[in-house]
There are 4 protein chains.
Amino acid sequence: MSGNTTGKMFKVTTFGSSHGTALGAVIDGCPAGLELNEEDIQAELNKRRPGTSKITTPRGETDQVQILSGVFQGRTDGTPIAAVVYNRDADSSAYEALKNTPRPGHGDYTWKARYGSYDYRGGGRGSGRVTIGHVIGGAVAKKLLKTRGIEVVAHVTQIGKIKANKVNINQIASKIQENPVRCADHVAASSMEELILDLKSQGNSVGGIVETLVLNAPAGLGDPVFDKLDADIAKALMAIGAVKGVEIGAGFESAELTGYEMNDEYYVSEEGIRTTTNQAGGILGGMSNGMPIVARMAVKPTPSISRPQKTVDIEKMEDTEIEIKGRHDPCICPRVTPVAEAAVAMVVVDHLIRAGFIGPTKI
Amino acid sequence: MSGNTTGKMFKVTTFGSSHGTALGAVIDGCPAGLELNEEDIQAELNKRRPGTSKITTPRGETDQVQILSGVFQGRTDGTPIAAVVYNRDADSSAYEALKNTPRPGHGDYTWKARYGSYDYRGGGRGSGRVTIGHVIGGAVAKKLLKTRGIEVVAHVTQIGKIKANKVNINQIASKIQENPVRCADHVAASSMEELILDLKSQGNSVGGIVETLVLNAPAGLGDPVFDKLDADIAKALMAIGAVKGVEIGAGFESAELTGYEMNDEYYVSEEGIRTTTNQAGGILGGMSNGMPIVARMAVKPTPSISRPQKTVDIEKMEDTEIEIKGRHDPCICPRVTPVAEAAVAMVVVDHLIRAGFIGPTKI
Amino acid sequence: MSGNTTGKMFKVTTFGSSHGTALGAVIDGCPAGLELNEEDIQAELNKRRPGTSKITTPRGETDQVQILSGVFQGRTDGTPIAAVVYNRDADSSAYEALKNTPRPGHGDYTWKARYGSYDYRGGGRGSGRVTIGHVIGGAVAKKLLKTRGIEVVAHVTQIGKIKANKVNINQIASKIQENPVRCADHVAASSMEELILDLKSQGNSVGGIVETLVLNAPAGLGDPVFDKLDADIAKALMAIGAVKGVEIGAGFESAELTGYEMNDEYYVSEEGIRTTTNQAGGILGGMSNGMPIVARMAVKPTPSISRPQKTVDIEKMEDTEIEIKGRHDPCICPRVTPVAEAAVAMVVVDHLIRAGFIGPTKI
Amino acid sequence: MSGNTTGKMFKVTTFGSSHGTALGAVIDGCPAGLELNEEDIQAELNKRRPGTSKITTPRGETDQVQILSGVFQGRTDGTPIAAVVYNRDADSSAYEALKNTPRPGHGDYTWKARYGSYDYRGGGRGSGRVTIGHVIGGAVAKKLLKTRGIEVVAHVTQIGKIKANKVNINQIASKIQENPVRCADHVAASSMEELILDLKSQGNSVGGIVETLVLNAPAGLGDPVFDKLDADIAKALMAIGAVKGVEIGAGFESAELTGYEMNDEYYVSEEGIRTTTNQAGGILGGMSNGMPIVARMAVKPTPSISRPQKTVDIEKMEDTEIEIKGRHDPCICPRVTPVAEAAVAMVVVDHLIRAGFIGPTKI
């Protein structure tokens, strides 16, 4: 079965692979009347573009987007929005050697198990490059959110064992622009960058934690009992390559708390009903409660490392060893932040439409 | 929009609330030819039934299930399987007082925000009692899995700060039968039970961690790029009430690891291609790799505690205080294990059908 | 794959078979706040109930409905509405003989081809009795439509070669109450009744045409390019057993017309933009245009006739003959009118929600 | 809500409008291993391309297709297949005048009612040109069908009042290649062409009937009770612009028949169980029975006629008149045949996968 569409009302279908002709997305369900141009999407794509700092892969892609449909006289017209990015700098030479030897920690083997064959060039559709489709969808979603004053921000809170200090929730969006790690705590950011470069020089890699925040979402988003808001966020984040865990609010820490420590008490504020604390991370009973939505994801270290590793030859069915070449990020956390924003933005827009806060046909 | 159906091929739609007439599920997409009777479902329901030990709520429900359709001459016939459980011991008296005062940590306020009104009796459809529907769907899913030799087991690995020691993966299913906490480490289980009873006596509650394992699943389950197996498991577990985090394999620990520590190396075994370690938790690139699937979820402490808490009167829009009465579990981890099994079993069956390992029309 | 759910926003899943324990439906996506009780559904079910006149099967079913969930204090609460009808007068004795000999014109053979086995008692889930589920869903849909002043009426316009004269569109709903054929032209209705009884006495059956009208629907319903309103109506009507054709407005006659004869010209009326004629049947470009929606369906003669017919023994794979016993309608057109109303009402409600005219969460 | 995706397993999402940048489709769910190249799609597109005879619009488009993704080393690889056709000869000059005056018989007014604004150039997404997306999806579907020996053929059986004589079912595919009307009866074809040219010279247009046949489909396709094969075919055909009716087998004629005339009797043939007649059109109980599937659709006359027509000015809300200019087909039946083939081919492939005859992951 197919799995390349996300959303029920704001439906985004993505296509393309690392070394194919093009990547892109079709967005079906965007209400008519939204101002939209290629710059809106390009700005988001530039955040995940490779080659922009020392800590990212040097693959030279401009990732220029073209809108093919769905926009008329500068506004969405209710028909599907298709947008594409053509691949320009694909270099498949390093991959021929990996054809029959699945790389540890990658999806090579599972893609092969699933489909019989597999586009092994650059990870095929298992590549991080497919998140171009996510970001296209997310860019349109973010523009829609903006019309309702809702903001989505993702930032790095941990790399390896280095943890960032807490930063005021309203300053995070601007502070992460100032360093390549996209960490709002600049002292921690420096150490993180150092760590990444150190591991890169060893041909190794490192993981981290990315937190995504949704500010100003109304109460009442989410469709119990299966399509709860936290459930859909968990799915969207876990579907990003390399993510191994997702938590909302107090998350795994809540396992150690008592009810009295965990419960957020209510009070009446000028903006409406609010809670004094936010252990819930903005979601109760699977629906938003008007507080900031807080979701964190654990990102594993990039599996492409240069040290020799044991694997198997799947044709000969015997043990063997590989050394991975090619161009890779030693830590994908910084470049995955726009993808996390996109993923969460698409979920929130979908639920805003489902709940009647936007559209369904006009903004 | 509606959110009471889970699955794309094995579709389970649930209905009912804590104090309504009945709860149940309709399963559409179960292949024909599966032996099925009411006992199969009853056995699973009994695991989540209240009133079976000192650490669960004393609400006296027999939760007797009746199959209404979809089974002919002892086997499924490819038509929808409907099954119901009538409520017998609903006591709504304690809830009238809570009508306008949302309980901290519960979904009362968010349900109200969403639908305008709200069945406040016993939590309505926000109650843990709605997982009867999950368990009905899961019981049929587990029967299907059994025809392929696949097993799903959930067990408690932590309550508060008490952590269980590791137990051999093949012994867990039998060991958890032996104590009311459903923890495979019996020494830890005793301490956990004590802790729960202690907090119960204080009118407080506690959280924990439940791990769900899938044994013998084939490689190649999962639909990238959005409907990956880990993404669907994350969604299914996060949709269970009180769950605040989900992780696969090394999970959040992977944030602190290097690529070399995280990657599982391959080797050829008698059963096929396997990995020497299982940091991936059986899932790579969003698809199963033939190793045991390992998913953990963080369960928050039961929000119903007897200590007075601050809240608001949503009619008068002013601050107030409540004391919660009624019958509650001081820790829901043990009773949530069959629900976790059901949730994961439904996801795995759905993906087995999607990938062509079962059905789609006949087993 | 499963096919027992209709609708995307107003989702109705039905279950049950002719001789099983019960039949019913779960409605997920009905907005909160709609007044609803069992009488609303019972009234619609009574229209399709057997045994109410000489021209219907004598099977004695009261078809008493019970609502299991989704209604709180007399109103829908946004959670799934489950409703069931238990079978009381199932008589399976006549069917054992048909186990291996598919009845011509019935689905016996195709169900067997699909699922390997088949509940042959009374047609199993291929029975007209499964439309109880449709009517439950339709009853709720019609109540929702009523809140917007929209009415759905189905009436018989032809039985065999007897065609009814045109009746004023606003009088049809009341006129069809006055005869068992549900034909608004009472002169034609008498001839139709005679024809049906005549063919019944010969052990034969006859087909006819049922027209369904939707009055007062707003312009703009329908989701091009695949989920157009006419496309969804065509699907819903064609999915009713025995229907072999569907047409909108001028329908098949339009094949013989020129553009000038077919086009409906616009004018400005007090109610808004209207057309002078209604060849389009209220739908243009796949969306409603504010004129009455007109859909006709061709209903084939009941395949259960008592005359001996050639068939095959599917076990022995050899030619044989059967004589069908049991209790059957000689013409299903009258009893299929409430089913057509239900089918169209569900489609229209679904599109009203999709287009933002109702809900999505509250009426 | 969005409506630009068709299919549940073989999902085709289309995009683009008459005068936008490009049109295309994304196919998600095509099994891996199918040989596919641009020529396969181009051949189908050429059948619906304008400007190929005197009876079609002179708009000069080459409709060159480019595959962007989903094909690796000449075969599908299980990932989404995206394909685009850029618009080259769009001439929007004639349409500015129609901005506020909806053309009778077109979707102009309903699109405006739905989305507030509307791409009025060339009909926007309401244009027949959007069927390029259908044909792309259909081309891939037909290639899949070929691997199972299944053929889909659409031919014109009536234009205005001119009806074709019956032609042997196995000769239709080749005979329709020989005349621009795509009618297998060459005598009738000549008269039809004459009639079309005559009406064209008068600035008028004419309707007709197109029949679509599916040969060699196995028994057991279709998902009762809502997603029956005939229901899905009816939806797919009714969703094609200008279609006002759909019938299966005896269709509307069945209204006038008795059970004995309608029922197809069974016999055992060398190929398996067959029926002596095919009044059912290959579908019983909503599932295929192994006989040829026969679906006819009524196509209305092209609404774009040059004679002055009454309409309204939707800005000023007053009556007015228009004369339509631009380039139009006087009868779309011939050019709609490849679209009907595509629509039915997509439905049949979808059901073959749903029923387990193809895929789901590999051919």
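Residues numbered from 1 in each chain as written. Chains lettered and ligands numbered in written order. Predicted model: local features only at pLDDT ≥ 70, side-chain atom pairs only at ≥ 80, totals over all residues. Heavy atoms only, no water.

Quick word on the overall build of chain A
No. 1: In terms of regular secondary structure, chain A is built from 8 helices and 18 strands.
No. 2: Against the compact-globule benchmark of 21 Å for 363 residues, chain A has a radius of gyration of 21 Å, which places it among compact chains.
No. 3: Seen through its C-alpha atoms, chain A measures out along the principal axes to roughly 65 × 50 × 40 Å.
No. 4: At a minimum sequence separation of 6, the contacts of chain A that also span at least 24 residues come to 70%.
No. 5: Taken as a whole, chain A presents about 11400 Å² of accessible surface, with 45% of it coming from carbon and sulfur.
No. 6: Counting 40 positive and 42 negative side-chain charges, chain A places the averaged centre of each group 4 Å from the other. (Helix = DSSP H or I, 4+ residues; strand = E, 2+ residues; numbered from the N terminus. Rg over C-alpha atoms; globule rule 2.2 N^0.38 Å. Contact = heavy atoms within 4.5 Å. Areas by Shrake-Rupley, 256 points an atom, 1.4 Å probe, with all protein chains shown as cover. Lys, Arg positive; Asp, Glu negative; His and termini not counted. Charge placed at Lys NZ, Arg CZ, Asp CG, Glu CD.)

Here we look at the pattern of salt bridges
No. 1: For the coordinates displayed, the defined rule picks out 88 salt bridges over all chains.
No. 2: In this structure, D63 of chain D and R48 of chain D form a salt bridge, with 3.6 Å as the shortest nitrogen-oxygen distance. A residue pair is termed long-range when its members are at least 10 positions apart, and D63 of chain D in the loop between helix 1 (38–48) and strand 4 (65–67) and R48 of chain D in helix 1 qualify at 15 residues.
No. 3: The network of salt bridges with common partners includes K8, D223, D227, D232, D350 and R354 of chain A together with R114 and K235 of chain B. (Salt bridge = Lys/Arg side-chain N within 4 Å of Asp/Glu carboxyl O.)

Some details on the sheet that holds strand 7 (residues 81–86) of chain D
Residue and element names in this part refer to chain D.
No. 1: Judged by pairing direction, the sheet is antiparallel, and its 5 strands sit side by side in the order 1-2-3-7-4 without closing on themselves. The strands lining the two open edges of the sheet, one partner per strand, are strand 1 (5–6) and strand 4.
No. 2: Docked against the sheet, helix 1 engages strand 4 and strand 7, running at close to 150° with respect to strand 4. (Pairing = 2+ DSSP bridges. Axes fitted to C-alpha atoms, helices over the stretch in contact; angles between N-to-C directions.)

Re the relation of the copies chain C and chain D
No. 1: If you rotate chain C by 180° and push it 0.0 Å along the axis, it lands on chain D with an RMSD of 0.0 Å. The transformation just described matches what one would write down for a two-fold rotation axis. For chain C, the minimum C-alpha distance to the rotation axis belongs to K235 of chain C and amounts to 2.4 Å.
No. 2: Of all interface residues in chain C, 100% are interface residues in chain D too; the two copies therefore contact each other through one and the same surface. (Least-squares fit on C-alpha atoms with pLDDT ≥ 70 in both.)

Things to note about the relation of the copies chain A and chain D
No. 1: Once turned by 180° and shifted 0.0 Å along the axis, chain A lies on chain D with an RMSD of 0.0 Å.
No. 2: Looking at chain A, 100% of its interface residues are interface residues in chain D too, so the copies touch through the same face.

Some details on the interface of chain C and chain D
No. 1: The interface is formed by 108 residues belonging to chain C together with 108 residues belonging to chain D.
No. 2: Where chain C abuts chain D, roughly 8700 Å² becomes buried across the two surfaces, and 62% of that area is made up of carbon and sulfur atoms.
No. 3: Ranking the residues of chain C by area buried against chain D places F226, K244 and Y266 of chain C at the top, with a combined share of 10%.
No. 4: The interface formed by chain C and chain D includes 6 salt bridges.
No. 5: Between K235 of chain D and D232 of chain C there is a salt bridge whose closest N-O contact spans 2.8 Å.
No. 6: Here chain C and chain D share 56 residue pairs in polar contact (both at pLDDT 80 or more) between them.
No. 7: Broken down by class, the residue content of the side of chain C that touches chain D amounts to 50 nonpolar, 34 polar and 24 charged.
No. 8: Judged from the 3 bridges that link them, strand 11 (residues 243–248) of chain C and strand 11 (residues 243–248) of chain D form a sheet pairing that is antiparallel. (Buried area = accessible area lost by both parts, 1.4 Å probe. Polar contact = N/O pair within 3.5 Å; in protein donor to acceptor, adjacent residues only side chain to side chain. Nonpolar A, V, L, I, M, F, W, Y, C, P; charged D, E, K, R; others polar.)

Overview of the environment of I240 of chain A
No. 1: Along the polypeptide, I240 of chain A turns up in the loop between helix 6 (229–238) and strand 11 (243–248).
No. 2: Classification of I240 of chain A as buried rests on a relative accessible area of 3%.
No. 3: Note: C-alpha distance between I240 of chain A and Q42 of chain A (198 residues apart in sequence) is 20 Å.
No. 4: Ignoring sequence-local partners within four residues, the contact set of I240 of chain A consists of M297, V336, V339, A340 and A343 of chain A together with K228 of chain B. (Buried < 20%, exposed > 50% of the residue type's maximum accessible area, 1.4 Å probe, protein only.)

So, the interface of chain A and chain D
No. 1: Taken together, the contact between chain A and chain D spans 44 residues of the former and 44 residues of the latter.
No. 2: Summing both sides of the interface, chain A and chain D together bury roughly 3500 Å²; the carbon and sulfur share of this comes to 61%.
No. 3: The tally of links between chain A and chain D comes to 11 residue pairs in polar contact (both at pLDDT 80 or more).
No. 4: Elements represented by at least two residues in the side of chain A that touches chain D include exactly strand 2 (11–15), strand 3 (22–28), strand 4 (65–67), strand 7 (81–86) and helix 2 (108–115) of chain A.
No. 5: Tallied by class, the residues present in the side of chain A that touches chain D amount to 19 nonpolar, 16 polar and 9 charged.

What to know about the sheet that holds strand 11 (residues 243–248) of chain B
Strands in a sheet are paired, the pairing made by backbone hydrogen bonds, and the direction either parallel or antiparallel.
No. 1: Pairing within the open sheet is antiparallel, and its 10 strands lie in the order 9(A)-8(A)-10(A)-16(A)-11(A)-11(B)-16(B)-10(B)-8(B)-9(B). At either margin of the open sheet sits one strand with a lone partner, and together these are strand 9 (162–163) of chain A together with strand 9 (162–163) of chain B.
No. 2: Note that strand 10 (residues 208–215) of chain A and strand 16 (residues 293–299) of chain A share 7 bridges and pair antiparallel. Across the sheet, T212 of chain A pairs through a bridge with A295 of chain A, a residue of strand 16 of chain A.
No. 3: Across the sheet, helix 5 (residues 186–201) of chain A is in contact with strand 8 (151–159) and strand 9 of chain A; its angle to strand 8 of chain A comes to roughly 60°.

Topic: the packing of helix 1 (residues 38–48) of chain A against helix 8 (residues 333–354) of chain A
Residue and element names in this part refer to chain A.
No. 1: Contact geometry of helix 1 with helix 8 gives a least axis separation of 7 Å together with a crossing angle of 140°. Counted together, E44, K47 and R48 of helix 1 and R335, P338, V339 and E341 of helix 8 form the full contact between these two elements.
No. 2: Among the residues forming the contact of helix 1 with helix 8, the class breakdown is 2 nonpolar, no polar and 5 charged.

Brief notes about the UniProt feature "binding site: NADP(+)" (unreviewed entry) in chain A
All names here are of chain A.
No. 1: In the numbering adopted here, UniProt assigns the feature "binding site: NADP(+)" (unreviewed entry) to R48 and K54.
No. 2: Overall, R48 belongs to the buried group, its relative accessible area being 3%.
No. 3: Apart from residues lying up to four places away in sequence, R48 is in contact with D63, G128, R129, T131, I132, V135, R335, P338 and V339.
No. 4: Mapped onto the elements, K54 comes out in the loop between helix 1 and strand 4.
No. 5: Setting aside chain neighbours within four positions, we find K54 in contact with E193, L197 and K200. (UniProt positions renumbered as here; feature names shortened; annotations may be inferred.)

So, the pairing of strand 13 (residues 272–275) of chain D
No. 1: The pairing of strand 12 (residues 266–269) of chain D with strand 13 of chain D spans 4 bridges and is antiparallel. Pairing of S269 of chain D across the sheet is with G272 of chain D, part of strand 13 of chain D.

Quick notes on helix 6 of chain A
No. 1: Judged by how many residues are buried, helix 6 of chain A sits mostly within the fold: 10 of 10 residues are covered.
No. 2: If you check which residues of helix 6 of chain A are buried, you get L229, D230, A231, D232, I233, A234, K235, A236, L237 and M238 of chain A.

Side note on the packing of aromatic side chains
No. 1: Counting across every chain of the model gives 18 aromatic pairs over all chains.
No. 2: Seen from their ring centres, W111 of chain A and Y115 of chain A are 5.6 Å apart, and the 35° between their planes marks the pair as tilted. Taken together, the positions of W111 of chain A and Y115 of chain A, both in helix 2 and 4 residues apart, correspond to about one turn of that helix.
No. 3: By relative accessible area, W111 of chain A is classed as buried at 5%.
No. 4: Residue classification places Y115 of chain A among the buried positions, given a relative accessible area of 7%.
No. 5: Relative to Y266 of chain D, the ring of Y109 of chain C has its centre 5.7 Å away and its plane inclined at 70°; by these criteria the two rings are edge-to-face. Of this pair, Y109 of chain C sits in helix 2 (residues 108–115) while Y266 of chain D is found in strand 12, placing the two residues in two different chains. Each member of the pair, Y109 of chain C as well as Y266 of chain D, carries the same accessibility label: buried.
No. 6: Linked through ring pairs, W111, Y115 and Y118 of chain A together constitute an aromatic cluster. (Phe/Tyr/Trp six-rings, centres within 6.5 Å; stacked < 30°, edge-to-face > 60°.)

Things to note about the environment of I132 of chain D
Residue and element names in this part refer to chain D.
No. 1: The topology assignment puts I132 in helix 3 (residues 131–146).
No. 2: Remark: the alpha-carbon pair of I132 and V85, spanning 47 residues in sequence, is separated by 8.0 Å.
No. 3: Aside from chain neighbours lying at most four places away, what touches I132 is L23, L45, R48, D63 and V85.

Re the nonpolar core
No. 1: In terms of nonpolar packing, the biggest core is built from 320 residues, with F10 of chain A, F10 of chain B, F10 of chain C together with F10 of chain D touching the most fellow members.
No. 2: Among residues more than four places away in sequence, those in contact with F10 of chain D are I27, D28, G29, C30, G137, V140, A141, L144, M346, V349, D350 and I353 of chain D. (Core = buried A, V, L, I, M, F, W, Y, C linked by side-chain atoms within 4.5 Å.)

Quick look at the pairing of strand 7 (residues 81–86) of chain C
All names here are of chain C.
No. 1: Counting buried residues along strand 7, 6 of its 6 residues qualify, which places the element largely inside the surrounding structure.
No. 2: With burial as the criterion, each face of strand 7 is covered, one bearing I81, A83 and V85 and the other bearing A82, V84 and Y86.
No. 3: Taken together, the 6 bridges between strand 3 (residues 22–28) and strand 7 define a ladder with antiparallel strand orientation. What sits directly across from A22, in strand 7, is Y86.

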